[in-house]
Amino acid sequence: QVQLVESGGGLVQAGGSLRLSCAASGRTFSDFAMGWFRQAPGKEREFVATISRSGGSTIYADSVKGRFTISRDNAKNTLYLQMNSLKPEDTAVYYCAARAPLSTAPVRPNEYHFWGQGTQVTVSS
């Protein structure tokens, strides 16, 4: 079992930045690949980014590529999402999640076994 707690969400103007954190506890953090997803009202949960166990490999959704950066600190059991050049369409609840490292479909929510409670990000125009 892995417990995940997100923080760092808030209200920001378009063009601004936020850094989300996800603190993990329970099983060994470095055993899991990690991901960020988001869900806007009335929409399905969508993939944002994922990172391998070591942090050496990342994948991003096209909508955030070049603006968001996923990273992790295994010594601190923490996952991060640096979000720059934010747009109103980035408004959503952001979730961190953990999956088995050899998942064949790392962008699919059902590949992830453990989820945090989410943190709200609101970008005003």
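Everything numeric in this text was worked out from a predicted model, so none of it was measured.

Trainee: I would appreciate a short explanation of unusual backbone geometry in the present structure.
Mentor: One can expect most non-glycine residues to show negative phi and most peptide bonds to be in trans. Residues other than glycine seldom take positive phi values, yet Asn77 does so here, at roughly 55°. Examined against the element boundaries, Asn77 turns out to sit in the loop between strand S7 (68-73) and strand S8 (78-83). Notably, Ser85 is not glycine yet its phi reads approximately 50°, a positive angle. In this structure, Ser85 sits in the loop between S8 and strand S9 (92-99).

Trainee: I would appreciate a short explanation of the pattern of salt bridges in the present structure.
Mentor: Where charged atoms from two side chains of opposite charge approach closely, those side chains can pair. According to the stated counting rule, one finds four salt bridges in the structure shown. A salt bridge links Arg38 to Glu46, with the nearest nitrogen and oxygen atoms 2.6 Å apart. Under the relative-accessibility criterion, Glu46 is labelled partly exposed at 34%. Put simply, Asp90 and Arg67 hold a salt bridge, and the shortest N to O gap is 2.7 Å. Highlighted residues: Asp90 in the loop between S8 and S9 and Arg67 in the loop between strand S6 (58-60) and S7, separated in sequence by 23 residues. A residue is classified by how much of its surface remains accessible, and Arg67, at 10% relative accessible area, is buried. Taken together, the shared-partner salt bridges connect Arg38, Glu46, Arg67 and Asp90 into one network.

Trainee: What is the right way to read the packing of aromatic side chains from this model?
Mentor: The description of an aromatic ring pair uses the distance of the two centres, along with the angle that the planes make with each other. Considering all chains together, one arrives at six aromatic pairs under this definition. Ring centres of Phe37 and Phe47 lie 5.8 Å apart, and the angle between their planes is 75°; on these two criteria the pair is classed as edge-to-face. Of this pair, Phe37 sits in strand S4 (residues 33-39) while Phe47 sits in strand S5 (residues 46-51); the two residues are 10 residues apart in sequence, bridging distant segments of the chain. With a centroid separation of 6.1 Å and an interplanar angle of 55°, the aromatic rings of Tyr112 and Trp115 are classed as tilted. According to the relative accessible area criterion, Tyr112 is buried, its value standing at 5%. The partly exposed category is assigned to Trp115, whose relative accessible area is 26%. The rings of Phe37, Phe47, Tyr95, Tyr112 and Trp115 are connected pair by pair, giving a single aromatic cluster.

Conventions we followed
Residues numbered from 1 in each chain as written. Predicted model: local features only at pLDDT ≥ 70, side-chain atom pairs only at ≥ 80, totals over all residues. Heavy atoms only, no water. Helix = DSSP H or I, 4+ residues; strand = E, 2+ residues; numbered from the N terminus. Salt bridge = Lys/Arg side-chain N within 4 Å of Asp/Glu carboxyl O. Buried < 20%, exposed > 50% of the residue type's maximum accessible area, 1.4 Å probe, protein only. Phe/Tyr/Trp six-rings, centres within 6.5 Å; stacked < 30°, edge-to-face > 60°.

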